[in-house]
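Spelled out from the first residue to the last, the chains are:
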Amino acid sequence: QLLFNKDNNIMKKNKLGRTNLEISEITLGGGWVGGLFIDAEYKVMENAIELALDRGINWIDTAESYSEGVSEKNIGMLLDCLNPNEKIYVSSKARLDPQSSETFESQIDRKLDNSLKRLKLEQLNLYQLHNKITLEKGSETLTEKEVLEANGLAEIMLKLKEDQRVQNIGITALGDTNSIKNVLETGYFDTAQVYYNLLNPSVEFEEADAWNDHDFSGLISVCKKHKMGVLGIRVFAAGLLATDIRHGREIPVTNVINIDEEERRAHKLSELVGENYGNRAQYALRYGLSSKNINSIVIGMATLEHLKNSIEAVEMGPLPASLLKDISELQKANFL
């Protein structure tokens, strides 16, 4: 069994929207971009869970699509070794195939059962749709109509709560912003994962104004209106904010500016922030922690050192208001 010392708990807890969950301000990410829970030696993964629990992290997020179930399987083995008196919440996600002959209901039912088996759980604290949501049909995207129509995905997901395999349901709020808003406005979903980082904070904007990158403005307002939990994703922008070393996993989830422009903007931020607020990854995370609208930041990691670095950033706390004001001015000027 993994043991840890509660005396070292430095992690603030936030209520996850209208759910009854109190969750840590950072969440362990089980995704492919970081890859710690996919590629690392088992002992390293074990050390990561032990350190996370020791510091008060109580949430881990994964998906069936992360290396075809490998992330879920590894996390399931780790969870199985935990002291039963200690609690770590688990969320997973389903990416559906809109072109399959299999119905959405059958896909979700099958994927959820397989996720629960790999994770060795009877219930997930949160189950989320992983596809982008768009107005028009796409080969990998879901339309708002498919989500909201009678017997559509929203109703299918709600049934999962009724049979108690799932405690809460959510969406990944990527794709067409108006389509996402229309889905959120129904109030069906308990949570949303939102794209939020130093390069693109637009999810907190009320209006886009002169903003010239992918525009997510207004999404936080809708989430707050419906008392939804908000999870921040891509706080390191797939590593672009954390380091100049490219690892080949910089998969874009936005589609307006290119990677060269993102790198230029990241360097403008470095010039502004300087060296007094931690290293690049640390001030990027501290920026996420400075948001009063995001309940937890999902962090991707490749190594145990990345987790330690993030925990140090949490200990430093949110960025000061004066720096946040300077950053906001740079962002609203499109980093010019």
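Presented here is a report on the structure given in the accompanying data block. (Residues numbered from 1 in each chain as written. Predicted model: local features only at pLDDT ≥ 70, side-chain atom pairs only at ≥ 80, totals over all residues. Heavy atoms only, no water.)

1. Considerations on the overall build of the protein chain
For step 1, the next point in the chain: Secondary structure assignment for the protein chain yields 12 helices and 12 strands.
For step 2, the next point in the chain: Taking 2.2 N^0.38 as the reference for a compact globule, 336 residues should give roughly 20 Å; the C-alpha atoms of the protein chain span a radius of gyration of 19 Å, in line with that estimate.
For step 3, the next point in the chain: By principal-axis analysis of the C-alpha atoms, the protein chain measures approximately 50 × 50 × 35 Å.
For step 4, the next point in the chain: Expressed as a percentage of its 336 residues, the buried residues of the protein chain come to 56%.
For step 5, the next point in the chain: Taking all contacts inside the protein chain whose residues are at least 6 apart in sequence as the whole, residues at least 24 apart take part in 73%.
For step 6, the next point in the chain: Summing over all exposed atoms, the protein chain offers an accessible surface of approximately 14600 Å²; the carbon and sulfur share of this is 47%.
For step 7, the next point in the chain: Placing the 38 positive and 50 negative side-chain charges of the protein chain at their respective mean positions leaves the two points 3 Å apart. (Helix = DSSP H or I, 4+ residues; strand = E, 2+ residues; numbered from the N terminus. Rg over C-alpha atoms; globule rule 2.2 N^0.38 Å. Buried < 20%, exposed > 50% of the residue type's maximum accessible area, 1.4 Å probe, protein only. Contact = heavy atoms within 4.5 Å. Areas by Shrake-Rupley, 256 points an atom, 1.4 Å probe, with all protein chains shown as cover. Lys, Arg positive; Asp, Glu negative; His and termini not counted. Charge placed at Lys NZ, Arg CZ, Asp CG, Glu CD.)

2. Digging into unusual backbone geometry
For step 1, the next point in the chain: Look at Ser-67: it is not a glycine, yet its phi comes out positive at around 55°.
For step 2, the next point in the chain: As for its placement among the helices and strands, Ser-67 is situated in the loop between strand S4 (59–61) and helix H3 (70–80).
For step 3, the next point in the chain: Unlike most non-glycine residues, Lys-227 shows phi in positive territory, near 55°.
For step 4, the next point in the chain: Judged by relative accessible area, which is 58%, Lys-227 ranks as exposed.

3. As for the environment of Glu-146
For step 1, the next point in the chain: For Glu-146, the position within the fold is in helix H5 (residues 144–148).
For step 2, the next point in the chain: Judged by its relative accessible area of 9%, Glu-146 falls in the buried class.
For step 3, the next point in the chain: The spatial distance from the C-alpha of Glu-146 to the C-alpha of Gly-317 is 41 Å, given a sequence separation of 171 residues.
For step 4, the next point in the chain: Residue contacts for Glu-146: discarding those within four places in its chain leaves Phe-104, Lys-137, Thr-141, Gly-152 and Leu-153.
For step 5, the next point in the chain: There is a polar contact of 2.7 Å between the side chain of Glu-146 and the side chain of Lys-137. (Polar contact = N/O pair within 3.5 Å; in protein donor to acceptor, adjacent residues only side chain to side chain.)

4. Some thoughts on the nonpolar core
For step 1, the next point in the chain: Counting residues in hydrophobic clusters, the biggest one holds 101 residues, and the most contacted among them are Phe-37, Ile-171, Phe-189 and Leu-307.
For step 2, the next point in the chain: Among residues more than four places away in sequence, those in contact with Phe-189 are Arg-18, Leu-129, Val-147, Ala-154, Met-157, Ile-169, Gly-170, Ile-171, Val-183 and Met-228. (Core = buried A, V, L, I, M, F, W, Y, C linked by side-chain atoms within 4.5 Å.)

5. As for the packing of aromatic side chains
For step 1, the next point in the chain: Within the structure shown, the criterion is met by four aromatic pairs.
For step 2, the next point in the chain: Between Trp-59 and Tyr-89 the ring centres are 5.9 Å apart and the planes differ by 50°, which places this aromatic pair in the tilted class. Highlighted residues: Trp-59 in strand S4 and Tyr-89 in strand S5 (residues 89–94), separated in sequence by 30 residues.
For step 3, the next point in the chain: By relative accessible area, Trp-59 is classed as buried at 0%.
For step 4, the next point in the chain: Ring centres of Tyr-195 and Phe-216 lie 6.0 Å apart, and the angle between their planes is 40°; this geometry places the pair in the tilted category. With Tyr-195 in strand S10 (residues 191–195) and Phe-216 in the loop between S10 and helix H8 (219–225), this residue pair connects regions lying 21 residues apart in the sequence. (Phe/Tyr/Trp six-rings, centres within 6.5 Å; stacked < 30°, edge-to-face > 60°.)

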